[in-house]
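Chain by chain, the residues:
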Amino acid sequence: MNHSPKKIQSTLLAAVVAAICLVPAVANASLVLDTGTPGSGATLYQVSTSQWFAAEFYLSAGQTVDSVAAYLSGNAGETYTLDIFSNTGFTNSRNYGQSQVYTTSGTLTTNNAWNTTSTDWTATTSGYYWVALEEASSPRGFSLDLASTTNNGTAPAAAFAFLGANGEFTSTGAPDVAFQVDATPVPLPAPALLLGGGLLGLIGFARGRRAKPRDQGACSGE
Amino acid sequence: MNLRCLLATLTLAAAGLGCAGISSAQSDPVIFSFSTVGDSRTDPNKADATTFLANPEPTQEGGAPSLTGTILPQDNMWVTNTEAYSTILNGIKGQNPNLLFFNGDIIFGYGRPILPSDWVTANGKPNSFTTTENDVSPDAVFEYIQYAFWRGLIAPLFLSGTYVIPVPGNHETQCSYSAEPYSSSSPNPNCNNASGTFTNTSWPNNLTGKTAYPENENMFRYNMIDLINDLKANIRFSNVTGYFAQNPNGLTPATAPGISDTVSGNNQAYLTYSFDIQAATGVLLHFVIINTDPSGNDGTAPVNWLTADFQAAAARGVSNIFVFGHKPAFTYNYLSATPGTSVLPPTTNNPGPGGLDATYTTTTVNGVPTYSSPNRDAFWSLIAEYGATYFSGHEHTVNVSTHADPTGTYTAITPYQVIVGSGGSPFDDKLVGTCPNCAEPNSAPPHQYDRYYAWATVSVHQSGKISLQVSGFSDQFSPVQDLTLYDVSTLQTAGQAQTAVELAARKKKKAALIERRANQLLAAGDVK
């Protein structure tokens, strides 16, 4: 297959511009919740069928939650549930289940470390959300602990809550525990894409004008 | 992909597999576990103020903690700290152990539950045809309902795979002449008072007016016998736990402690007993339950019976021995955070808040008294000889400590004592001052968990390693956490202790042989 040098140049240029357009999106994928990595003396709170923990964070409409991490101790292979709840009716309600917007399961792979679970959920409205670590069953021989932290990470939680004996998530007395939520930014809107296309066209036009004399020179030499 | 890339990829893959292999080798799955806690009863007259509730505004949700509130009427009636104990049971259910050993003070009790003779022969079953209301002690009714309430609380555990093993405590086996609903001015007429000046019995008195009686021991049997008998009958034990109880001991008067361990000679069947569980090949666990307040010998451990039981267990090749009793062998001095205060004997005596060490004798030499606890010393020497671990209650707190053999005989092992009398009874380390102007007592390390409701869970790993984890929550009912201060990664084994004993015996034998040979040579005149 033959390609003229000009065609190759144009393709490369388009690829570079496309890459430039994509780079900000990748770079902006960031932690929207980071309560900080626990220290060596962290308190270990037991996650059980009767004790779940949650942390509150903010999302803009259109943001996609790519992963959730919790700093866990326990035996490798222990499974757990990770949920995202909307803020409405979540705390101090026995009907907190109605606030659930996303659920997935995770598996402890590394003891006393961040354990990350991939997620794929996009917020449709801006607002505060809760990420919760739950345990639905108690297999023999397993135990799961969530480490405390000082909530001084790059994106501290707005609040914490835990599900206690009365069957409600409550913030009263809830410990600061180690969660991270990673989310991609809102995709670029159509006007921005048009602007990008226009810029691409301008660059191409400018290159075309600059390339013409060189082409002529090259021809005259023949 | 060029050759270099291919090699790099293969190298990375190999490294990954290697890591996976290491990770797999490091994980040591738990094959069997048990939890233990004691003392869930409360005291209507002396409940901890942190358990009081109030509802100051009818428009708000009720049940708000209030230091000036009142005890939950339910707990006043059935004399249990329901919230704390239920939270503990929930936590235990979450850990899903095979067994739960409850280390005594199941009920508030402290009465003298005298029953008509034909009830006694019917294992405590009531019979209105042959008896009248005048034949039954009111204390018996009170204790029956408390036992029933406790049995109801633990019932769900069996459905989730945890079988409960009961241990008698002093509130089960003793009568206190002045305990609620009695008082020193309106004492219980059926048990001895503090000065031993009366009552309807010639039973030996004691300093504190708390005395163990056969009727109380019978009441424990009537309310717990199904759980203990199942170690032999196996109606549900193996179905619940996934394991068979083996070699049950102490389920008959002939095999239980008797005259050699109790002054009265009252047999201790179903109060002191033992059994084995084969957790895995080479991992044979021996569980021993002892009554530390037998009638006729309050505040003691059945050392003679234990000696024979441990010997038999060792002969079967047990890898670990776990002993459960109500009273600790070594009183934990939770007051030591405040200089000048102590609960150590002789500050406390027995029967009373102290452990087995509070049953002491005093010897005065040149006007200076010295205290010794021969029964406790003999008990702990056995624990050390066989590399056992001792779990107890009685002191309403949590503490894990190690103690060397007081007799200095068996030094290879320094056994652990685990106190988990933290199941809901009013904390021994009291709030300071008068509530609502009261404050938490000195909780400087290592006393930060003295007012925590807590339990211990022991895990047996596939490798045979035994680890201990202590879980709990504060008197403010905080979330359950791991009390890592008290965790033990590897508990001692019977094998370690027995190997040391055998080595010591071998060394002693060798030394004796050398000495004998030397004497023979000396006698023969071969050595100059």
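Conventions we followed
- All residue numbers refer to positions counted from 1 along the written sequence of the respective chain.
- Written order decides the labels, with chains lettered from A and ligands numbered from 1.
- Thresholds applied to this predicted model are a pLDDT of at least 70 for local features of residues and 80 or more for the giving and counting of side-chain atom pairs; totals over whole chains, interfaces and linings are not thresholded and use all residues.
- Every angle, taken between N-to-C directions, lies between 0 and 180 degrees, and every axis is a line fitted to C-alpha atoms, over only the stretch in contact when it is a helix.
- Helix and strand assignments follow DSSP, with helices taken as H or I runs no shorter than four residues and strands as E runs no shorter than two, numbered in order from the N terminus.
- Orientation categories follow fixed angle ranges, with anything under 35 degrees roughly parallel, anything over 145 roughly antiparallel, 65 to 115 roughly perpendicular, and all other angles oblique.
- Contact between residues is assigned whenever the C-beta positions, reconstructed from backbone atoms, fall within 7 Å.
- In this analysis, strands are considered paired if DSSP registers two or more bridges between them.
- Structurally, a nonpolar core is described as a collection of buried Ala, Val, Leu, Ile, Met, Phe, Trp, Tyr and Cys residues joined by way of C-beta atoms within 7 Å.
- Burial is judged by counting the other C-beta atoms within 10 Å of a residue's own C-beta: 20 or more makes it buried, 12 or fewer makes it exposed, and any count in between marks it as partly exposed, with every C-beta position built from the backbone.
- Asp, Glu, Lys and Arg are counted as charged, while Ala, Val, Leu, Ile, Met, Phe, Trp, Tyr, Cys and Pro are counted as nonpolar; the rest, among them Gly, fall into the polar class.

Q: When you look at the packing of helix α9 (residues 303-315) of chain B against helix α10 (residues 374-385) of chain B in this model, what are you seeing that I'm missing?
A: All names here are of chain B. With their axes 10 Å apart at the nearest point, α9 and α10 run at an angle of 10° to one another. What the angle tells us is that α9 and α10 run roughly parallel. Residue-level contacts link Val303, Leu306, Thr307 and Phe310 of α9 to Asn375, Ala378, Phe379 and Leu382 of α10.

Q: I tried to follow the sheet that holds strand β11 (residues 169-170) of chain A on my own but got confused; where do I start?
A: Strand pairing in a sheet is mediated by backbone hydrogen bonds. Such pairs are either parallel or antiparallel. Residues and elements named next belong to chain A. In spatial order, the strands read β6-β5-β8-β3-β10-β11; together these six strands make up an open sheet with antiparallel pairing. For this open sheet the edge positions go to β6 (100-107) and β11, each flanked by a neighbour on one side alone. Pairing analysis gives two bridges linking strand β10 (residues 160-163) to β11, with the strands arranged antiparallel. Note that in β11 the partner of Phe162 across the bridge is Thr170.

Q: How should I be thinking about the nonpolar core in this particular structure?
A: Proteins that are soluble and globular tend to have nonpolar side chains buried together. Counting residues in hydrophobic clusters, the biggest one holds 161 residues, and the most contacted among them are Phe53, Ala54, Ala55, Phe57, Val131 and Leu146 of chain A together with Ile321 of chain B. Per-element tally for this core: the top contributor is strand β17 (residues 452-461) of chain B, with seven residues. Apart from the residues lying within four places of it in its own chain, the contact partners of Phe57 of chain A are Val32, Leu33, Tyr129, Val131, Ala155, Ala157, Ala158 and Val181 of chain A.

Q: What is the right way to look at the interface of chain A and chain B in this model?
A: By a widespread convention, an interface's size corresponds to the accessible area lost as its parts come together. At the interface, 21 residues of chain A touch 22 residues of chain B. Ranked by residue count, the leading element in the side of chain A that touches chain B is strand β2 (residues 44-47) of chain A, at three residues. For the side of chain A that touches chain B, the per-class residue count stands at seven nonpolar, twelve polar and two charged.

Q: How should unusual backbone geometry be read in this particular structure?
A: Glycine aside, residues mostly have negative phi, and peptide bonds are mostly found in the trans state. Residues and elements named next belong to chain B. For the bond running from Pro345 to Pro346, omega is 10°, close enough to zero to count as cis. Topologically, Pro346 is positioned in the loop between β11 (320-324) and β12 (361-365). In this structure, Pro436 follows Cys435 across a cis peptide bond, with omega equal to 15°. With respect to the secondary-structure elements, Pro436 resides in the loop between β16 (416-420) and β17.

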